[in-house]
Amino acid sequence: MIYYKTSAEVELIRESSLLVSKTLAHVASVIKPGMTTIQIDELAETFIRDHGAVPSFKNYKGFPFTCCISVNDAVVHGFPNDRPLRDGDIVSVDVGAYKNGFHGDSAYTFALGTITDEVSQLLEVTKTSLYLGIEKAVAGNRVGDISFAIQEYAEKKFKYGVVRELVGHGLGRHLHEEPQVPNYGKRGSGAKLKDGLVIAIEPMINMGVKEVWYEEDGWTVKTKDGLPAAHFEHTICVRRGKADILSNFEDIEAAEKANPNLFTKN
Ligand code: MG
Ligand code: MG
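Since the structure is predicted, the reported quantities are computational estimates derived from the model, not experimental observations.

### A look at the side chain of Asp 105
Thinking step 1. Turning to its location among the elements, Asp 105 is positioned in strand E5 (residues 102–111).
Thinking step 2. No salt bridge is formed by the buried Asp 105, whose closest oppositely charged neighbour, Lys 61, lies at an N-O distance of 12 Å.
Thinking step 3. Polar contacts involving the side chain of Asp 105 include one to the side chain of His 169, which spans 3.0 Å.

Structure follows, in structure tokens:
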């Protein structure tokens with residue numbers, strides 16, 4: 001069953017979501033080649049706990065870390081590990097924070113050092129597809145309108161692979177609530193979007209084929225062809241006319257630009 005949030009509840013989800021954004025901005029300011037993803041996970045956990053919140057993912061269905069950190073051909077749900085990051089890696093960091101009884105959830109893909117134009121385009125298209133989906137997240141539309149907008153752009157226009165196995169989701173008191181929000185689908189299909197519906201929209205886009213496989217850890221999802229994948233996620237609230245984006249990329253993008261170890265387009 002879909003649970004629509006009151007305005008007071010939306011503000012609490014905004015608080016949790018903005019803490020996630022600040023956590024990702026903190027990661028953006030310190031990430032560099034040579035650092036391990038376990039180190040990133042530890043500093044994210046400390047940051048979240050220092051701000052009076054609890055990492056949403058830690059112990060969720062047995063997931064042992066604060067962040068899902070997925071490097072290069074890892075799409076999502078990557079286990080942080082002790083392999084040092086290298087120049088040219090793309091690193092998706094997905095984080096959740098739980099505070100005042102509500103979760104926030106967001107993800108961002110960083111590029112270390114020098115990357116190819118092809119990889120740069122993958123990141124740009126994935127982020128743009130997120131915003132195209134968000135544009136459709138208005139009262140009166142249906143979930144399929146969001147899904148279609150993302151798929152149409154990433155798959156039809158750029159011939160990228162849109163992952164089918166993993167989807168966006170409602171969230172609030174629980175990290176994953178109804179409805180599911182796929183990144184592929186038909187316009188005008190699925191649950192109707194109503195004012196107060198809070199969802200995480202999270203395109204997972206592969207440079208090559210859409211097929212994925214799971215690593216032996218049971219969590220890390222990788223592209224079947226070994227080509228890179230990107231992941232961007234916002235928590236948003238459906239409103240009439242225009243969605244309210246509860247998480248925020250501004251601080252992350254500012255930190256990204258200020259960090260000489262990160263690739264940015266301009
Ligand atoms: Mg997430
Ligand atoms: Mg999510």
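### Comments concerning the nonpolar core
Thinking step 1. If you look at the biggest cluster of nonpolar residues, it comprises 58 residues, and the most contacted ones within it are Ile 31, Val 93, Phe 110, Ile 146, Ile 201, Ile 236 and Ile 252.
Thinking step 2. Residues in contact with Ile 252, not counting those within four places in the same chain, are Ser 21, Leu 24, Ala 25, Ala 28, Tyr 108 and Phe 110.

### Considering the coordination of the magnesium ion (ligand 1)
Thinking step 1. Taken together, the protein ligands of the magnesium ion (ligand 1) are Asp 94 (OD), Asp 94 (OD), Asp 105 (OD) and Glu 233 (OE), with distances of 2.0 to 2.7 Å.
Thinking step 2. Mapped onto the sequence, the residues coordinating the magnesium ion (ligand 1) show the spacing D-x10-D-x127-E.

### Looking at the pattern of salt bridges
Thinking step 1. Tallied over the full model, the rule gives 15 salt bridges.
Thinking step 2. The partner of Glu 155 in a salt bridge is Arg 164, and the shortest N-O contact between them spans 3.0 Å.
Thinking step 3. The exposure class assigned to Arg 164 is partly exposed, which follows from its relative accessible area of 25%.
Thinking step 4. Of the charged contacts, one joins Asp 195 and Arg 239 as a salt bridge, the two residues approaching to 2.7 Å between their closest N and O atoms. Pair noted here: Asp 195 is in the loop between strand E8 (177–181) and strand E9 (198–201) and Arg 239 is in the loop between strand E14 (234–237) and strand E15 (244–245), with a separation of 44 residues, a long-range link.
Thinking step 5. Beyond isolated ion pairs, a larger network of salt bridges with shared partners links Glu 11, Arg 14 and Asp 244.

### What about the coordination of the magnesium ion (ligand 2)?
Thinking step 1. Those protein atoms acting as donors to the magnesium ion (ligand 2) are Asp 105 (OD), His 169 (NE2), Glu 202 (OE) and Glu 233 (OE), and they sit at 2.1 to 2.3 Å.
Thinking step 2. Look at where the donors of the magnesium ion (ligand 2) fall in the sequence and you get D-x63-H-x32-E-x30-E.
Thinking step 3. A separation of 3.1 Å is found between the magnesium ion (ligand 2) and the magnesium ion (ligand 1), which share Asp 105 as a coordinating residue. Here Asp 105, found in strand E5, pairs with Glu 202, found in the loop between E9 and strand E10 (204–206); they are 97 residues apart in sequence, far enough to count as distant.

### Here we look at the packing of aromatic side chains
Geometry of an aromatic ring pair is reported as the spacing of the ring centres plus the angle between the planes.
Thinking step 1. Counted according to the given criterion, the structure contains 11 aromatic pairs.
Thinking step 2. Residues Phe 63 and Phe 65 carry aromatic rings whose centres are separated by 6.0 Å and whose planes lie at 75 degrees to one another, so their mutual orientation is edge-to-face.
Thinking step 3. Classification of Phe 65 by relative accessible area gives buried; the value is 15%.
Thinking step 4. Pairing Tyr 153 with Phe 158 gives two aromatic rings, centres 5.1 Å apart and planes at 70 degrees, and the pair type is edge-to-face.
Thinking step 5. Tyr 153 sits in the buried class, given a relative accessible area of 18%.
Thinking step 6. Phe 158 gets classed as partly exposed once you look at its relative accessible area, which sits at 23%.
Thinking step 7. Joined through ring pairs, the aromatic side chains of Tyr 108, Phe 110, Tyr 131, Phe 232 and Phe 249 make up one cluster.
Thinking step 8. For the cation-ring pair, Arg 164 lies above Tyr 184, with the distance from its terminal atom to the ring centre recorded as 4.8 Å.

Calculation rules
Residues numbered from 1 in each chain as written. Chains lettered and ligands numbered in written order. Predicted model: local features only at pLDDT ≥ 70, side-chain atom pairs only at ≥ 80, totals over all residues. Heavy atoms only, no water. Helix = DSSP H or I, 4+ residues; strand = E, 2+ residues; numbered from the N terminus. Buried < 20%, exposed > 50% of the residue type's maximum accessible area, 1.4 Å probe, protein only. Lys, Arg positive; Asp, Glu negative; His and termini not counted. Salt bridge = Lys/Arg side-chain N within 4 Å of Asp/Glu carboxyl O. Polar contact = N/O pair within 3.5 Å; in protein donor to acceptor, adjacent residues only side chain to side chain. Core = buried A, V, L, I, M, F, W, Y, C linked by side-chain atoms within 4.5 Å. Contact = heavy atoms within 4.5 Å. Donors = N, O, S within 2.8 Å, 3.2 Å for Na, K, Ca; no water. Phe/Tyr/Trp six-rings, centres within 6.5 Å; stacked < 30°, edge-to-face > 60°. Lys NZ or Arg CZ within 6 Å of the ring centre and 35° of its normal.

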